[in-house]
Amino acid sequence: MEGKKAAIIGSGLIGRCWAALFARAGAQVSMFDIEMSQLEASLIAVQATVQELSDNDLLRDQDVGDVIARISVTTDMGTAIKDAFFVQECVPESLELKRKVFAQIDQLAEDDAILASSTSCIAPSKFTEGLTHCANAIVCHPVNPPHYIPVVEVVPAPWTSPDTVTRVRQIQLDLGQAPVVLNKEVNGFIINRLQYALLMEAWRLVEDGVASPQDVDSAISNGLALRWSFMGPFETIDLNAPQGVLDYCERYGETITEVCGEQTDPRQMKGSKTAQVVHDAMRESVPAEDLANGKRRAWRDRRLAALAVHKMLQTKKEGAQAADEAALRTASA
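The structure displayed is predicted, hence computed values, not measured ones. (Residues numbered from 1 in each chain as written. Predicted model: local features only at pLDDT ≥ 70, side-chain atom pairs only at ≥ 80, totals over all residues. Heavy atoms only, no water.)

Undergrad: Looking at this structure, I do not really get the sheet that holds strand S1 (residues 5-9). What am I missing?
TA: Adjacent strands of a sheet pair through backbone hydrogen bonds, lying either parallel or antiparallel. A sheet is described by the order of its strands in space; here eight strands give the open sequence S3-S2-S1-S4-S5-S6-S7-S8, paired in mixed fashion. The open sheet terminates on both sides in strands that have one partner only, identified here as strand S3 (71-74) and strand S8 (178-181). In this sheet, adjacent strand axes meet at a mean angle of 25 degrees when their direction is disregarded. Here strand S7 (residues 151-156) pairs with S8 via four bridges, running parallel. Residue pairing across strands places valine 154 opposite valine 181, the latter belonging to S8. Across the sheet, helix H2 (residues 36-55) touches strand S2 (28-32) and S3, and the angle it forms with S3 is around 165 degrees. (Pairing = 2+ DSSP bridges. Helix = DSSP H or I, 4+ residues; strand = E, 2+ residues; numbered from the N terminus. Axes fitted to C-alpha atoms, helices over the stretch in contact; angles between N-to-C directions. Contact = heavy atoms within 4.5 Å.)

Printed below as a string of structure tokens:
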């Protein structure tokens, strides 16, 4: 990726994070927005993000100034996209807006450029159909904040070429992200389908008087989330029965099916009494002013940074141990 150009269309929170990630990977980044004042503020925010990455030893041993120097801003979309090998759209979640922006990108992009959207829930087929470069169009949906949470959902449209999917997956790996590829479009993709299922059950538990919002949160933050931070649900059950997944299903499958049969009624969230109950519970631990001024989000990001560093160090340690074990096997063979 060294020396290649990436275009970021939209300089909001996600666009800024993409700019930092591409610049860290060695790309020249051109960030576009319609107002220079917005771009100037975004560049300051990107500089802060890059500094945070450096402070947490997540900048790949690079100088902060060198990484920042790779990022430029412009109010001309054509300038941003010219010669870019990768175009990442980061405009608000509006189908009509994305159709308009992708039509513009399609006219300006190089024939072999990847045209990616950051959308969290809009299927790519809804805004890429009929594009000249539709075979290059795809969704790359990050999780906030992307520079500390590496997963990226890669969602092709029915007309996205297999080569595009392969290229995008490798690019995300080069960025230091963790791509998960969907084989087909589905409402909510993977991340939202999983978190919405959990959120709705948490909602039911509070609404039905089973537990308080604080205790429901604690069940995750002090329970399930600890192992979920380094293994998924399938690996979890694989390790929770002596003989793995099949053994687990034989032992617990019927009970799980029975409990899940009680979880089929989605509840109304917007304007509900439960929404006020949960909101009030959250304000007991996080005052409104700490939410508004970003203090609690900054705390979240510090904890995520520490977790990212821990996972990186553990991966290196385990890799070194595996190499040592392989060397011992070779020596004793």
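Alright, that's what it looks like, and here's the rest.
Undergrad: Where do I start with the environment of aspartate 57 in this structure?
TA: By secondary structure assignment, the location of aspartate 57 is in the loop between H2 and helix H3 (64-68). Placed 144 residues apart in sequence, aspartate 57 and glutamate 201 show a C-alpha to C-alpha distance of 38 Å.

Undergrad: Hey, could you run me through the packing of helix H8 (residues 191-207) against helix H12 (residues 273-285) in this one?
TA: Packed helices, taken two at a time, are described by the angle between their axes plus the distance between the axes. Running from amino to carboxyl end, H8 crosses H12 at an angle of 95 degrees, the nearest separation of the two axes being 10 Å. Comparing their axes, H12 and H8 come out roughly perpendicular. When H8 is examined against H12, the residues Trp203, Val206 and Glu207 are found in contact with a partner set consisting of Thr274, Ala275, Val277 and Val278. The residue makeup of the contact of H8 with H12, split by class, is five nonpolar, one polar and one charged. (Parallel < 35°, antiparallel > 145°, perpendicular 65-115°, else oblique. Nonpolar A, V, L, I, M, F, W, Y, C, P; charged D, E, K, R; others polar.)

Undergrad: What's the story with a nonpolar patch on the surface in this structure? I'm lost.
TA: Side chains of Tyr196, Leu199 and Met269 sit close together on the surface and give an oily, nonpolar patch of about 270 Å² of accessible area. With respect to the helices and strands, leucine 199 occurs in helix H8. Overall, the relative accessible area of 38% leaves leucine 199 in the partly exposed class. (Patch = residues over 30% accessible without salt bridge, like charges linked within 9 Å, V, L, I, M, F, W, Y side chains within 5 Å. Areas by Shrake-Rupley, 256 points an atom, 1.4 Å probe, with all protein chains shown as cover. Salt bridge = Lys/Arg side-chain N within 4 Å of Asp/Glu carboxyl O. Buried < 20%, exposed > 50% of the residue type's maximum accessible area, 1.4 Å probe, protein only.)

Undergrad: What's the story with helix H7 (residues 162-175) in this structure? I'm lost.
TA: It helps to recall that an α-helix has 3.6 residues per turn; residues three or four apart then point in one direction. Its 14 residues place the ends of H7 20 Å apart at the C-alpha level, agreeing with the 20 Å of an ideal helix rising 1.5 Å per residue. Burial in H7 covers these residues: Thr164, Val165, Val168, Ile171, Gln172 and Leu175. One side of H7 carries all its buried residues, which in axial view fall inside an arc of 130 degrees. Exposed and facing more than 90 degrees away from the buried side of H7 are Pro162 and Thr166. Against helix H1 (13-24), strand S4 (86-89), strand S5 (114-117), strand S6 (137-142), S7 and S8 lie the buried residues of H7. Immediately beyond the C-terminal end of H7, within one or two residues, lies glycine 176, with a positive phi of roughly 95 degrees. (Expected span 1.5 Å × (residues − 1). Arc of directions from axis to C-beta.)

Undergrad: Can you walk me through the layout of surface pockets in this structure?
TA: The gaps left among the atoms become clear once a water-sized probe is rolled over them. Its boundaries defined by the atoms lining it, the second largest pocket holds a volume of some 190 Å³. As for the second largest pocket, its lining consists of 16 residues, of which Ile14, Cys90, Val91, Glu93 and Ser118 are closest to the centre. Every element with two or more residues in the lining of the second largest pocket is listed here: H1 and S6. When residues of the lining of the second largest pocket are assigned to their parent elements, the largest contribution, three residues, is made by H1. (1 Å grid on protein atoms, 1.4 Å probe; cavity = no way out; pocket = protein on both sides within 12 Å on 5 of 7 lines; lining within 4 Å. Points joined across faces, edges and corners; volume = space filled by probe spheres on them.)

Undergrad: How should I be thinking about the packing of H8 against helix H9 (residues 213-228) in this particular structure?
TA: Taken N-terminus to C-terminus, the directions of H8 and H9 make an angle of 145 degrees; their axes are 10 Å apart at the nearest point. Between H8 and H9 the crossing geometry is right-handed. Residue-level inspection shows Leu198, Ala202, Leu205 and Val206 of H8 in contact with H9, the latter providing Pro213, Val216, Ile220 and Trp228. Its residues assigned to classes, the contact of H8 with H9 comprises eight nonpolar, no polar and no charged. (Left-handed = near helix turned anticlockwise from the far one by under 90°.)

Undergrad: Is there a simple way to explain the pattern of salt bridges in this structure?
TA: Opposite charge on two side chains permits pairing when their charged atoms draw close. Overall, the coordinates contain 10 salt bridges when judged by the stated rule. Residue glutamate 96 is joined to arginine 99 by a salt bridge in which the shortest nitrogen-to-oxygen separation is 2.9 Å. One end of the pair is glutamate 96 and the other is arginine 99, both in helix H5 (residues 95-108) and three residues apart, which spans about a single turn. Overall, glutamate 96 belongs to the exposed group, its relative accessible area being 53%.

Undergrad: Honestly, helix H14 (residues 295-332) in this entry has me stumped. Any pointers?
TA: Between the first and last C-alpha of H14 there are 56 Å, a value that for 38 residues agrees with the 56 Å anticipated at 1.5 Å per step. Along H14, the residues that are buried comprise Asp301, Leu304, Ala305, Ala308 and Val309.

Undergrad: Sorry, what's going on with unusual backbone geometry here?
TA: Backbone phi values are negative for most residues with the exception of glycine, while trans is the configuration of most peptide bonds. Residue asparagine 144 is joined to proline 145 through a cis peptide bond whose omega torsion reads -5 degrees. Here proline 145 is to be found in the loop between S6 and S7. At aspartate 57, a position not held by glycine, the phi torsion is positive, near 60 degrees. The backbone of aspartate 61 sits at a positive phi, close to 60 degrees, despite the residue not being glycine. Position of aspartate 61 relative to the elements: it lies in the loop between H2 and H3. The exposure class of aspartate 61 is exposed, given its relative accessible area of 85%.

Undergrad: Explain the nonpolar core to me, please; I cannot follow it from the model alone.
TA: Considering soluble globular proteins, one finds that nonpolar side chains tend to be buried as a cluster. Of all hydrophobic cores here, the largest spans 41 residues; its most connected members are Trp18, Phe22 and Phe86. Among residues more than four places away in sequence, those in contact with phenylalanine 86 are Lys5, Ala6, Ala7, Phe22, Ile114, Ala116, Cys140, Val168, Ile171 and Gln172. Counting 23 residues, the second-largest nonpolar core is a separate cluster that includes Met77, Ala109, Cys134 and Val139. (Core = buried A, V, L, I, M, F, W, Y, C linked by side-chain atoms within 4.5 Å.)

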